[in-house]
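# What the coordinates show
Spelled out, the chains give:
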Amino acid sequence: QVQLVESGGGLVQAGDSLRLSCVASGRTFSSYAMGWFRQAPGKEREFVASISRSSSTYYADSVKGRFTISRDNAQNTVYLEMYSLKPEDTAVYYCAAAVGGLLYTPTQKGEYGYWGQGTQVTVSS
């Protein structure tokens, strides 16, 4: 069992940067692949980025080159650094955890068993 708490969201202007954090409870954080998803009003929750237990990463095409996912196992924390933000990045951002192998970088919602409560990111034009 793992509990996830996101932070770092806010209101920014287009072109700005923001860093989201997700802290996991428990002592087995390194056992989980971690991911970030986002959900805009009226839209489905969509994959943003994932990082495996061995820190392999995978990104959605829409954020590739602008977002960076990383993890600090000593701090039980996964980060999402977002650069060159666009109004279309506006959404609630969710952190999620999945059980899997060292190179596992899940991209589907159903692969994740644990979710945080979300943090709002709003990008104004």
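Here the structure is a predicted model, which means the values were calculated and not measured.

Moving on to the state of the cysteines. A complete count under the given rule lists 1 disulfide for this structure. The disulfide partner of C22 is C95, and the S-S distance across this bridge is 2.1 Å. For the disulfide bridge between C22 and C95, the dihedral angle about the S-S bond is near -75°, and by the sign convention the bridge is left-handed. Here C22, found in strand 3 (residues 18–24), pairs with C95, found in strand 9 (residues 91–99); they are 73 residues apart in sequence, far enough to count as distant.

Attention now moves to the environment of V99. Secondary-structure assignment places V99 in strand 9. Sequence spacing of V99 and S17 is 82 residues, and the spatial spacing of their C-alpha atoms is 30 Å. Those residues within four positions of V99 in sequence are excluded, and the remaining contacts are Y32 and Y104.

As a further point, take the pairing of strand 11 (residues 119–124). By the alternation rule, side chains of strand 11 split into T119, V121 and V123, which are all buried, and Q120, T122 and S124, of which none is buried. Relative to strand 11, strand 2 (residues 10–13) is paired through 4 bridges, and the arrangement is parallel. Note on strand 11: the bridge partner recorded for Q13 is S124. Taken together, the 3 bridges between strand 9 and strand 11 define a ladder with antiparallel strand orientation. Along strand 11, the bridge assignment pairs A91 with V121.

Definitions and limits used
Residues numbered from 1 in each chain as written. Predicted model: local features only at pLDDT ≥ 70, side-chain atom pairs only at ≥ 80, totals over all residues. Heavy atoms only, no water. Disulfide = S-S within 2.5 Å. Helix = DSSP H or I, 4+ residues; strand = E, 2+ residues; numbered from the N terminus. Contact = heavy atoms within 4.5 Å. Buried < 20%, exposed > 50% of the residue type's maximum accessible area, 1.4 Å probe, protein only. Pairing = 2+ DSSP bridges.

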